[in-house]
Every structure is written in C-alpha cells, then in structure tokens.
Amino acid sequence: GTGGTILRIDGTAARAMPSGTTQLLEAVWGTSATSVLAVGDGGTVVRLSGGAWGAMPGVTTQSLLGVAGTSATDVYAVGAGGTVLRFNGSSWSPMTSGSSQTLWSVAARADGSVYASGDAGTILRGTREVAPVTIAALHEDFEDGNYSGGPAWTTDSAGAGVRLEVVGGEAH
C-alpha cells in the first residue's frame, strides 16, 4: 500500500509489518504465509522470508503493477513500459515483451504459460522459456481485476486453467 504499507491479517486483527520501503506497493503474491513478494513504484520489490520483509534492490527502475507465479522459483512481475520480469528463486531476469504498454495483471500456469494484460487492451502470452508476445490488442485499458473493474486472471487450484473475465465487457 501507500508508503510501503503491508498489513498482515492474523485471524481477526490486521497488524502492520515493516516492509523495508516507503514506495507505493501495488501487488502482492506468495506461495505461503512466510514466502511472499510485493512489487510497486520505481521497480520496488520486497520479499517476505523467515518472517521479515527485505528489499530486493536493482531489479528495475520501471514501476511494477502485477505479480504472480506457480512456485517460489517461478514468479513473474509486470509493469510500466511493457516490463516483464521472471524470478527463479534467487534473481530476477527481464523478458522482452515487445510491448511498450503498461501491464497491470499477470497470471502463470503450472504448465509454464504466462499471461499478462494492460493498457490499450494488450494481452500477452508467453512461457518460462519464450518471452511473452501480444495475442490481442483491444480498445479498452485492462487494469488489475480488483481495480477499476478491469480483467481478472484466474486459475484453478492446480494452476491448470487460466480464464480472463472482463467485468462489464462482452467476452469472457
């Protein structure tokens, strides 16, 4: 959240946790209650490991707006300027997206497929080994599913299926 705010909900109470940043955090994703990543403005990436948050400096200078993965060693972050990054558990690597549009959402499947969506109706598809490419460019801006009624990327519990639902749109 704003000013690097991270709240942890334990049952019925929310408590603030020091995040190690004052930057706006835009998205969070994790594999368990003790293995979590959050991304945000100015390329901020913070990681929860062993109960404490720590900054991962030097990942990118582009703002990051979405993060998702299939495991702690297969994580993707997307953001401004078509930024797509992959985390292998120890380091981040850029992936060429071929798009300059801001990307707001990302979803990853257990089979290695990665999907991202963003401004100007951009929808990208790639894999762990192949950089994402544009598969659609519609006339609507796609933002995170919980922000401005944009698309929601969903996977089933096994990560076997991905579906894009555009709230208020015609196609599902």
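As the structure is a prediction and not an experimental result, all values here were calculated from the model.

Caption draft 1: Just the overall build of the protein, in detail. From N to C terminus, the protein includes zero helices and 16 strands. In the protein, which comprises 172 residues, the share counted as buried stands at 43%. A separation of at least 24 residues holds for 30% of the contacts in the protein among residues at least 6 apart in sequence. Approximately 8500 Å² of the protein is accessible, and the part contributed by carbon and sulfur atoms is 51%.

Caption draft 2: Looking closely at the sheet that holds strand E4 (residues 35-40). Read from one edge to the other, the open sheet built from four strands follows the order E3-E4-E5-E6, with strand pairing classed as antiparallel. With one partner strand each, in any of the chains shown, strand E3 (25-32) and strand E6 (52-55) form the two edges of the open sheet. Neighbour to neighbour, the strand axes of the sheet diverge by 20 degrees on average, direction disregarded.

Caption draft 3: Region of the structure containing the sheet that holds strand E7 (residues 64-71). Strand order in the open sheet made by the four strands is E7-E8-E9-E10, with antiparallel pairing throughout. Of all the strands in the sheet, just E7 and strand E10 (92-95) have a single pairing partner and so form its edges. The mean inter-strand angle of the sheet, taken between neighbouring strand axes irrespective of direction, is 25 degrees. Bridging between strand E8 (residues 74-79) and strand E9 (residues 84-87) involves four bridges; their strand directions are antiparallel. Bridge pairing links Val-75 to Phe-87 in E9.

Caption draft 4: Fine view of the side chain of Thr-44. Of note, Thr-44 is situated in the loop between E4 and strand E5 (45-49). A polar contact of 2.6 Å, which involves the side chain of Thr-44, links it to the backbone oxygen of Asp-41. When neighbours within four sequence positions are excluded, Thr-44 is seen to be in contact with Thr-21, Gln-23, Leu-25, Ala-38, Val-39 and Leu-64.

Caption draft 5: Summary view of the pattern of salt bridges. Applying the stated rule across the entire model yields four salt bridges. Several salt bridges share partner residues, and in doing so they unite Arg-8, Asp-10 and Arg-15 into one network.

Caption draft 6: A look at the pairing of E10. Pairing analysis gives four bridges linking E9 to E10, with the strands arranged antiparallel. Within E10, the residue paired with Val-84 across the bridge is Met-95.

Caption draft 7: Summary view of the pairing of strand E1 (residues 6-10). When E1 meets strand E2 (residues 13-17), the two strands line up antiparallel, connected through five bridges. By the bridge assignment for E2, Ile-6 is matched with Met-17. If you look at the hairpin formed by E1 and E2, you'll find two residues sitting between the two strands, and Gly-11 has a positive phi there, around 75 degrees.

Caption draft 8: Region of the structure containing unusual backbone geometry. You will see that Ala-120, though not glycine, has its phi angle at about 60 degrees, which is positive. On the secondary structure map, Ala-120 appears in the loop between strand E12 (113-118) and strand E13 (122-127).

Analysis parameters
Residues numbered from 1 in each chain as written. Predicted model: local features only at pLDDT ≥ 70, side-chain atom pairs only at ≥ 80, totals over all residues. Heavy atoms only, no water. Helix = DSSP H or I, 4+ residues; strand = E, 2+ residues; numbered from the N terminus. Buried < 20%, exposed > 50% of the residue type's maximum accessible area, 1.4 Å probe, protein only. Contact = heavy atoms within 4.5 Å. Areas by Shrake-Rupley, 256 points an atom, 1.4 Å probe, with all protein chains shown as cover. Pairing = 2+ DSSP bridges. Axes fitted to C-alpha atoms, helices over the stretch in contact; angles between N-to-C directions. Polar contact = N/O pair within 3.5 Å; in protein donor to acceptor, adjacent residues only side chain to side chain. Salt bridge = Lys/Arg side-chain N within 4 Å of Asp/Glu carboxyl O.

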